Amino acid sequence: MWPFSRKPSAMSSEVAPMTRSERRAAASLAAIFGLRMLGMFLILPVFALYAQDLPGGDDHALVGLALGMYGLTQALFMLPFGMASDRWGRKPVIIAGLLLFALGSFVAAAADDIYMVILGRALQGAGAISAAVTALLADLTREEKRTQAMAMVGSTIGLAFALSLAAGPLFYRWIGVPGIFAMTGVLALLAIVVVKFVTPNPGLTVFHSDAQTNPRRLGDVLRDGELLRLDFGIFALHAAQMAMFLIVPLALSDAGGLPADAHWQVYLPVLLGSFVFLVPAVIYGEKYGRMKPVFVSAIGLMFLAQLGFSLFIGHFWAVVATLLAYFVAFNILEATLPSLVSKVAPAEAKGTAMGVYNTAQALGLFFGGAVGGWLAKGWGQSAVFVFCAALIGVWLVLAKGMRPPLRVKTQMFHVGHLEAAAVQQLAARLSVFAGVESVTVLVDEGVVMLKVSQLGWDEEGVKHVLQGGE
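Rules behind the numbers
- Residues numbered from 1 in each chain as written.
- Predicted model: local features only at pLDDT ≥ 70, side-chain atom pairs only at ≥ 80, totals over all residues.
- Heavy atoms only, no water.
- Helix = DSSP H or I, 4+ residues; strand = E, 2+ residues; numbered from the N terminus.
- Rg over C-alpha atoms; globule rule 2.2 N^0.38 Å.
- Buried < 20%, exposed > 50% of the residue type's maximum accessible area, 1.4 Å probe, protein only.
- Contact = heavy atoms within 4.5 Å.
- Areas by Shrake-Rupley, 256 points an atom, 1.4 Å probe, with all protein chains shown as cover.
- Lys, Arg positive; Asp, Glu negative; His and termini not counted.
- Charge placed at Lys NZ, Arg CZ, Asp CG, Glu CD.
- Pairing = 2+ DSSP bridges.
- Axes fitted to C-alpha atoms, helices over the stretch in contact; angles between N-to-C directions.
- Parallel < 35°, antiparallel > 145°, perpendicular 65-115°, else oblique.
- Left-handed = near helix turned anticlockwise from the far one by under 90°.
- Nonpolar A, V, L, I, M, F, W, Y, C, P; charged D, E, K, R; others polar.
- Salt bridge = Lys/Arg side-chain N within 4 Å of Asp/Glu carboxyl O.
- Phe/Tyr/Trp six-rings, centres within 6.5 Å; stacked < 30°, edge-to-face > 60°.

1. Observations concerning the overall build of the chain
For the chain, the count of helices and strands is 16 helices and three strands. Rg of the C-alpha trace for the chain: 23 Å, near the compact-globule value of 23 Å for 470 residues, within the 12% margin. With the C-alpha coordinates of the chain rotated into their principal frame, the extents come out at 75 × 45 × 35 Å. Across the 470 residues in the chain, those meeting the buried criterion constitute 59%. The long-range fraction of contacts in the chain, counting pairs at least 24 apart against all pairs at least 6 apart in sequence, stands at 83%. Element-wise, carbon and sulfur atoms account for 66% of the exposed surface of the chain, whose accessible area totals about 18,700 Å². Counting 32 positive and 29 negative side-chain charges, the chain places the averaged centre of each group 4 Å from the other.

See below:
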């Protein structure tokens, strides 16, 4: 028999459903993620219009800083919050972050000039709980079900973004931007109730290499050229997004004569139309091993969209058509980038790679808002999109040089305590099975992480060994 201290807890992971506790944990934490994303996204389609009536809001540079400041403090505090949750507990850190986010929301709601909005946005971003929430989700789910739980969180974030663009203009009509800020503050306080009374308490808080940043692995991740390409990609994608929303709301109003509360009539059909292209593109890339061509083509479409904005920003229907191209590209890239990071990152540093990736995304939000506002102030609207096109153009060149991603997925199994002498033997036994591309045994965590072929792998053979078979 294999020398485990105990057998794996869920060898029938492919058929065993998530437990009730796991579903509750995933649903409640996904809701918290979604609430925080609403706090950032709801104002995107209307903030540039609202800021025009604020003292100091006629300065595009300050408006861009107000939009982007959330990203700067988010990037600065994301990893410290995650590490603090290891020391002081997940829930206390998450609650502290939500209180800080709520405080920032109320400051922004009460702001009577652009400077107070900037302060409020900084406080919102400083409540950077995403790493702590991810760690808590890992504490509350089995390794075999963690990918499914993370997918629930990811889909909630995507839904929050789509909902925000359509609902933001309607909320602007009903309660105004101060009301939106106040509403997100109240929702953050309600999220505290969810964390305290709905989210299960973790029986044991431990470190998870697949979900958390390990400072000792940062050097390896930052020296990996393939990961750095993807990090630059998410940075550029969100820099362009933030810069775009400084200008497009103004263009819809000025060029199309469309009042702010009617902008949903553009965003909703454009978003729905873009989703039609998303699923076939991702399925084609994954099923036929064509992910790199799909990925590079989406970046190329994003580049053309930015050029289109720069040339036709004064023409309403051209802006609408370009928005459709933009969101087709954006949705494909937003859906595929995390998957590519997971495929490329070493199994034992997956959480670290995602931490760097998320930090790059937040920095992109700040950079795009700050630089976009500065360019709009000094050189006009078209200059903003020339800048975005240049940024995406650099990404396009980098992406064309990337290695085609391996057609693999990660499978994790809990194995309990292993004697040091048994680790290499276990890795050798598992690596011979068909479809097993790599084996990583995390002794301290009692976990085996496999990268296996998406085309099929000897699942039964692997489980037989892990269950103690000869």
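Now that the structure has been shown, we can carry on.
2. Here's the deal with the sheet that holds strand 2 (residues 436-442)
On the basis of which strands lie adjacent, the open sheet formed by three strands has the order 1-3-2 and antiparallel pairing. Each edge of the open sheet is held by one strand with a lone partner, namely strand 1 (408-414) and strand 2. Neighbour-to-neighbour, the strand axes of this sheet turn through a mean angle of 20°, independent of strand direction. Inspection of the sheet shows strand 1 paired to strand 3 (residues 447-453) by seven bridges, in the antiparallel sense. The residue bridging H414 from the neighbouring strand is V447, located in strand 3. In the packing of helix 16 (residues 459-466) onto the sheet, the strands contacted are strand 1, strand 2 and strand 3, and the crossing angle to strand 1 comes to about 25°.

3. Looking at the packing of helix 11 (residues 291-312) against helix 12 (residues 316-344)
At their nearest, the axes of helix 11 and helix 12 sit 8 Å apart, and the two run at 150° to each other. In terms of orientation, helix 11 lies roughly antiparallel with respect to helix 12. Viewed along their axes, helix 11 and helix 12 form a crossing whose handedness is left-handed. Counted by class, the contact of helix 11 with helix 12 contains 22 nonpolar, four polar and no charged residues.

4. Concerning the side chain of K343
Its place among the elements puts K343 in helix 12. Owing to a relative accessible area of 9%, K343 belongs among the buried residues under this scheme.

5. Overview of the pairing of strand 2
Counting buried residues along strand 2, five of its seven residues qualify, which places the element largely inside the surrounding structure. Bridge count between strand 2 and strand 3: six bridges; the pairing is antiparallel. Residue pairing across strands places V441 opposite V448, the latter belonging to strand 3.

6. What to know about the pattern of salt bridges
Per the counting criterion, the structure on display carries 12 salt bridges. With a closest N to O distance of 2.6 Å, D86 and R90 form a salt bridge. Here R90 falls in the buried class, since its relative accessible area comes to 1%. Across the pair R223 and D220 runs a salt bridge, and its minimum N-O distance is 3.0 Å. Looking at D220, the relative accessible area reads 35%, which means it is partly exposed. One salt-bridge network, held together by shared partners, links R217, D220, R223 and E348.

7. What about the packing of aromatic side chains?
One pass over the full model with this rule turns up 17 aromatic pairs. Ring plane angle 40° and centroid distance 5.3 Å describe the contact between F235 and F367, whose orientation is recorded as tilted. Taken together, the residues F235 in helix 9 (residues 225-254) and F367 in helix 13 (residues 350-379) connect sequence positions 132 residues apart. On the basis of relative accessible area, F367 is assigned to the partly exposed category, the value being 30%.

This is a description of form; function is not addressed.
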